[in-house]
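These are the residues of each chain, in order.
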Amino acid sequence: MNQRWQAAMLVCLLLAGCQTGESGSNGAAGPSGQPPESAVHPSDHQQGKTSQSPVDPDLQLEAKYWNIVKVQNGQKVIQNPDNILVLVNKEQSLPPGYKPADLVVPRVPFVCADPNAEKRHMRAEAAAALEEMFAAARRDGIELVAVSAYRSYERQQVIFAEEVRQKGKEKAVQAVAHPGQSEHQTGLAVDISSRSAGCQLTQSFGATKEGQWVAAHAHEYGFIIRYPKGKEAVTGYKYEPWHLRYVGRKAAAVIKKRGLTLEEYFKVVKKV
C-alpha cells in the first residue's frame, strides 16, 4: 500500500514540474528582457526588413544644411545664411544686412585690378576651393579668370535697378536677382570667364575649351554650375555657364552625377 501511495505521489510531482516549466516559457521574457524567438511572429521579421531598407548615404543630409526661414513682410527670409548649402532663390531671400564674417580674397587672377574691391572677396572655404580649381585648370593648360564674387545687398540694388532701366523689369528678372535673392551675397558664388571669351560673362563661354573644362571638373572642387542649360523653369534664371556656386565636394558630386539643380537636390535628399 505504502509503495503504491509513494509511486502515485512521485507521478504527481513529476507532472507538476513539467507544467511549471511550460508555463514559464510561454510568452516570458528571456535574460535580456526581449521575448524569445518563438514568441515573435514571422511577419514581424518581414515588416522589420521592409522598414529598414537601406538608404543611399549620398542622399542623406544633416538638418543643419537646410534653410531655416521666417516669413517677414510676405517674404521667406533665411535665418541661417552662413550655411554652406544655403538655398537662395526667388522664393527664399537673405536678410538685407547679411554679410559673411569670413570674407577673404582668393589668390586667383581677377579682371578687376583693384585688390580691395568688394567683388574680389569670397568666404574662406570657397576661396580655398577656387584656388585649387584654378591651379588644376592651369596644370591642364586651361587659363581661367574670375570676374565677380561677393556682392553686397546694396550693390545688388544698384545692379538690379540698372538692369530694369535698360531692359525692363520682365527681362531683368530673368537675368538679375532681386536684392537679397542673389547668391553673390552669400560669398559662395563666383562668376568666371576666359580670355578666349573676352573675359566676358556670356553664354558662349560654355562652348569654349575653358568652359567645357569647368563643366567637367568644377564638382571635384565643390562647385556646381548653378543655372544649367535646360533648367530655366526650375531655377528661374537663364543658362549661365559662368556662374559657379560652392556647395562642398559631397553635394557637388551628387548634383553633377544626377544632373540636378540645387533646388532639385533638396527635393531628393532626406533630412537626418
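Refer to the structure printed above.
For the structure given in this document, a descriptive report is provided here. Keep in mind the model is a prediction, meaning the values are calculated, not measured.

Right, let's get into the pattern of salt bridges. One side chain can pair with another of opposite charge once the charged atoms of both are near each other. Applying the stated rule across the entire model yields 10 salt bridges. Between Arg 258 and Asp 56 there is a salt bridge; the shortest N-O distance is 3.3 Å. With a gap of 202 residues between them, Arg 258 in helix α8 (residues 249-258) and Asp 56 in the loop between α2 (42-51) and β1 (60-61) connect regions that are remote in the sequence. For Arg 258, a relative accessible area of 43% corresponds to the partly exposed category. For Lys 167, the salt bridge is made with Glu 163, and the minimal N-O distance between the two is 3.1 Å.

What follows concerns unusual backbone geometry. One non-glycine residue with positive phi stands out, namely Asn 73, at about 55°. Phi is positive for Cys 199, which is not a glycine, with a value near 60°. Note on placement: Cys 199 falls in the loop between β8 (189-193) and α6 (209-217). Residue Cys 199 is classed as buried on the basis of its relative accessible area of 18%.

Thresholds, definitions, all that
Residues numbered from 1 in each chain as written. Predicted model: local features only at pLDDT ≥ 70, side-chain atom pairs only at ≥ 80, totals over all residues. Heavy atoms only, no water. Salt bridge = Lys/Arg side-chain N within 4 Å of Asp/Glu carboxyl O. Helix = DSSP H or I, 4+ residues; strand = E, 2+ residues; numbered from the N terminus. Buried < 20%, exposed > 50% of the residue type's maximum accessible area, 1.4 Å probe, protein only.

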